[in-house]
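Descriptive analysis of the structure
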Amino acid sequence: MPDEARYNHRMDHDDYMRLALAQAAQARNAGEVPVGAVVVLDGVVVGAGFNQPIAATDPTAHAEVVAMRAAAALLKNYRLTGATMYVTVEPCLMCVGAMVHARIRTLVFGAIEPRSGAIVSMTSAHEFPALNHRLEAIGGVLEDECRAIIQDFFRERRMASRTGDPEPARSGPPPRTVEGRSTD
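A short tour of the structure in this document, coming up. (Residues numbered from 1 in each chain as written. Predicted model: local features only at pLDDT ≥ 70, side-chain atom pairs only at ≥ 80, totals over all residues. Heavy atoms only, no water.)

1. Re the sheet that holds strand β3 (residues 84-89)
The strands that make up a sheet pair up through hydrogen bonds in the backbone, lying either parallel or antiparallel. Strand order in the open sheet formed by five strands is β2-β1-β3-β4-β5, and the pairing between neighbours is mixed. Edge positions in the sheet fall to β2 (44-50) and β5 (136-138), since each has one partner strand and no second. On average, adjacent strands in this sheet sit at an angle of 20° to one another, irrespective of strand direction. Relative to β2, strand β1 (residues 36-41) runs antiparallel, the two being bridged by six bridges. Within the sheet, the bridge partner assigned to G36 lies in β2 and is F50. In this fold helix α2 (residues 13-29) packs onto β1, β2, β3, β4 (106-111) and β5, with an angle of close to 140° to the strand it touches most, β1. (Pairing = 2+ DSSP bridges. Helix = DSSP H or I, 4+ residues; strand = E, 2+ residues; numbered from the N terminus. Axes fitted to C-alpha atoms, helices over the stretch in contact; angles between N-to-C directions. Contact = heavy atoms within 4.5 Å.)

Quick look at the structure:
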């Protein structure tokens, strides 16, 4: 690529989704479900995150929430008005709610999540009539790559459980117990 073209390259949905996929790879490497997200405002990535509820011992530490927290901290504002969220998998109801509260303008996701996706799969949460903010949703960006990373992760876990291999290493503290019973 000529120098001029390299410096004038404008990132597009595919480019930002590749950054989200890199975040998903970090989740996978940490033993978490591989979902990644980035928040972009005016062409600049202002927040990034990957799934980490196990390591963070936080059920809300989904990639989207982690990315929005990072963006809000950087911008010193809980409102992310005008921002675009890129996420590898269709968000759940909690994450869509958080995006509405943060005033995300556009959501771009890769693969659908048939069980808990709250944009096109189980519901269209971003279109609830009572909401005071609407976000645009665009799905299917780098869909095959986004689907592959999550399917490969679960395929590997199933194979490991069949062969008796221990689960892939996970970060974070060991599972907690209460009176000898697991709380995980």
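Once the structure has been displayed, the description carries forward.
2. Remarks on helix α6 (residues 143-163)
Helical geometry: 3.6 residues make up each α-helical turn, so side chains three or four residues apart lie on a common side. Look at α6: 30 Å from first C-alpha to last across 21 residues, which is about the 30 Å you get at 1.5 Å a residue. For α6, the complete set of buried residues consists of C146, I149, I150, F153 and A160. Along α6, the residues classed as buried sweep out an arc of 90° about the axis, all on the same side. Exposed positions of α6 whose direction lies more than 90 degrees from the buried face are D144, R162 and T163. Where α6 ends, the next residue or the one after it, G164, has phi of about 80°, a positive value. (Expected span 1.5 Å × (residues − 1). Buried < 20%, exposed > 50% of the residue type's maximum accessible area, 1.4 Å probe, protein only. Arc of directions from axis to C-beta.)

3. Some words on the packing of α2 against α6
Between α2 and α6, the shortest axis-to-axis distance is 10 Å and the interhelical angle comes to 5°. Between α2 and α6, the angle is such that the two are roughly parallel. Along the contact surface, α2 presents M17, L21, A24, A25 and R28, while α6 presents E145, C146, I149 and F153. Among the residues making up the contact of α2 with α6, the classes are represented as seven nonpolar, no polar and two charged. (Parallel < 35°, antiparallel > 145°, perpendicular 65-115°, else oblique. Nonpolar A, V, L, I, M, F, W, Y, C, P; charged D, E, K, R; others polar.)

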